[in-house]
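Working through the structure, step by step
The chain contents come next:
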Amino acid sequence: MCSHFDLSSLSENVLIANRGEIAIRIARTCKKLDLKPFGIYSDADKNSLHIKYCEKAVDIGGFTPAESYLNMNKIIEAANALGCELIHPGYGFLSENPDFAMHCKREGLTFIGPSYESMSITGDKARSRQVASRITSIVDGGEVSNEVMAMDLAEKIGFPVILKAVQGGGGRGLRIIRSFEELKEAFADSKNEAMISFGSDRIYIEKYIENPRHIEVQVLADDSNVIHLGERECSVQRRHQKLIEETPSPVLTVEMRNSITKTAIAIINEMKYTNAGTVEFLFKNNKFYFMEVNARIQVEHPITEVVTGVDIVEQQLRIALGDGLMIKQEDVKSKGHAIECRINSEHPLSFVPTPGTITKFLTPELEGIRIDTAIYSGYSIPSFYDSLIAKVISSANTRLEAIEKMKNSLMLLRVTGIPSTIPFHISALNDARFISGNYDTSFIDELKPFSSKDGEMAAALLSLLPKKIEFLNKDVQEMAVDPWAISRFDTIDLFNSNYNINKWVR
Amino acid sequence: MKIKVNNTQYDIEIVGDKVRVNNDDELIVKQLNSDELKINEKLFHLDFTGEGEPSIMIINGMVYTVSKESPIHASIKEIKAPIAGRIVKVLVDAGSIVLKDQVLFVLEAMKMENRLLCPANGKKVKEIKVVKGQSVMTGEVLLIFE
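Thresholds, definitions, all that
Residues numbered from 1 in each chain as written. Chains lettered and ligands numbered in written order. Predicted model: local features only at pLDDT ≥ 70, side-chain atom pairs only at ≥ 80, totals over all residues. Helix = DSSP H or I, 4+ residues; strand = E, 2+ residues; numbered from the N terminus. Buried ≥ 20, exposed ≤ 12 C-beta atoms within 10 Å, placed from the backbone. Contact = placed C-beta atoms within 7 Å. Pairing = 2+ DSSP bridges. Axes fitted to C-alpha atoms, helices over the stretch in contact; angles between N-to-C directions. Parallel < 35°, antiparallel > 145°, perpendicular 65-115°, else oblique. Left-handed = near helix turned anticlockwise from the far one by under 90°. Domains from an automatic or database assignment.

Quick word on the overall build of chain A
Secondary structure assignment for chain A yields 15 helices and 19 strands. Taking all 506 residues of chain A together, the buried fraction comes to 50%. Counting contacts in chain A only where the partners sit at least 6 residues apart, residues at least 24 apart contribute 64% of the total.

As structure tokens, this is what we get:
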């Protein structure tokens, strides 16, 4: 779509200040555009696959994010050492930190993202609410500096309310408050937590909308134009973290879609925002409420890419290089439906993150399936970073076909040796609410594990492994079974379990 | 063997290369690897086994809870022949106290000598139901504990 401009005359080196699948994703587009991707890695990431996708990567040391991927000085040093003029921050880490953007600018480096000024607005929930309120509905609420103010505001807007850090993001540090007593108890804690997590103790309160849908609009902007690439439905969440995203949203009518995308563009214009961004909304009773602008490429960007054919990272790079947007709104034609399932190394029922070594990683070769990942057989997942290990993206002409394709690929995908959220996804994709498209952020509360009857039989037999049934179909000479292992189960009393398998922990 | 999967009880009997479930269906089971099984030609792959009671298993992308009481707590009352064969040695007498992993019988089956071990410590043998040289069927009771 964007081949009419030639970047090959440029010799820019791009430093990818990130790790894992997103670093690989960015490196791919860099190579496509004849830009050279360079990388960094921490001591915990010496065996990371993203290193192999870079021309060269430097060890910036450290294990924790603070020691490594959040350390601005080390990253700037690496950029200078590698002769990189551009820095792509990916998502998370420093991607939405205006100080980092400023730091890059001062060092003469091009930060691939919005300007310091725009990021100062998007990173401040109170300011971005204020700007957005000039354009659209926002949820009642505001910043509060002390407990008395908080109590007054809560009384005015009515419980339940939600406490958020002004500088927060990513669904972390949210508290739902249902009474004055709870508010009194939580206020000081929230302030402290915000200070520790985000380096600022500013807090704001807003009316808590129970069980909304979460719908966001992907935008691309240069100095003179803003376009949108449609919306993404992100209501399947646990603990305010997304697990499944799809586009288009199964709930929006054409009118609603026009309205929400128009609003998103107006907000982006009002913020004088450039580069790729996402405008997030809550949707309840056919009404939208602005939530926030995410000033980064998002984890779930691939679903938009597969339906529109637009390489969002390419647009980010072109905008940052000053070439501007290569596509107009009328060029964007969405086709079909796409779904993303985030595979995390987490216990499939409790969602407890579980690092470990992946003994086998086998991906199915299926048409219409894209897998963005940085894992491989033998890879040890470090415990210092987030638990996302792969993103499976399915696309098809219709939503139901995309669901079927996703189910098939997840049943064939093998991630062995660690627990993963694959069973969660298969259960969700088989849930009547998901299939009908009628779901909201409370989806997971009523979700039941889905499994098959013949799989139960397989579980029973496989639970007798390794030695218990290995004589089956083996050559007689090889048979070396400890027979006791078989007979000992014969007299076992029925075990009564009170383990609640029928519910996912939120 | 009685195993509870997702709160459903399965009674599994292994007879040669066939598996009988709940005294009813007979399945043809082929083990391809330590983590792959074919049941009636349908492939199942095991990706993860989580410790615990019940333990969890991820098979073909789906999660199962599996309960079997640990042998330490199991009330084991008898020893049965795991496979059809011939008793070539009887190594205990009625009335004796046996220790965990002590060899009780040697059973010859499919040209192999299999040692049948005691499952737990301090078990007292009440009765021995077979004699040396006797042929036994799968599941036949060989010994009863007190």
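More follows now that the structure is in view.
Some words on the environment of F44 of chain B
For F44 of chain B, the position within the fold is in strand β6 (residues 42–50). The buried category is assigned to F44 of chain B, around which 22 C-beta atoms lie within 10 Å. Considered as a pair, F44 of chain B and G61 of chain B are 17 residues apart in the sequence and their alpha carbons are 9.7 Å apart. Setting aside residues up to four positions removed in sequence, F44 of chain B forms contacts with G455 and A458 of chain A together with L37, I39, I59 and N60 of chain B.

A short note on the sheet that holds strand β1 (residues 13–16) of chain A
All names here are of chain A. Taken in spatial order, the 5 strands line up as β3-β2-β1-β4-β5 in an open sheet, and their pairing is parallel. Single-partner strands in this sheet number two, and they are β3 (56–59) and β5 (110–111). Looking at chain direction, strand β2 (residues 36–41) and β3 are connected through 4 bridges and run parallel. The residue of β3 that forms the bridge with F38 is K56.

A look at the packing of helix α11 (residues 399–412) of chain A against helix α12 (residues 422–429) of chain A
Residue and element names in this part refer to chain A. Two elements in contact, α11 and α12, have axes whose closest approach is 10 Å; the angle formed by their N-to-C orientations is 150°. Between α11 and α12, the crossing angle belongs to the class labelled roughly antiparallel. Regarding α11 and α12, the two cross each other, and that crossing is left-handed. Here α11 contributes I403, M406, K407, L410 and M411 to the contact with α12, which in turn contributes I422, H425, I426 and L429.

Things to note about the domain arrangement of chain B
Domain parsing of chain B yields domain 1 (2–67) and domain 2 (78–145). Taken over C-alpha atoms, the centre of domain 1 of chain B sits 27 Å from the centre of domain 2 of chain B.

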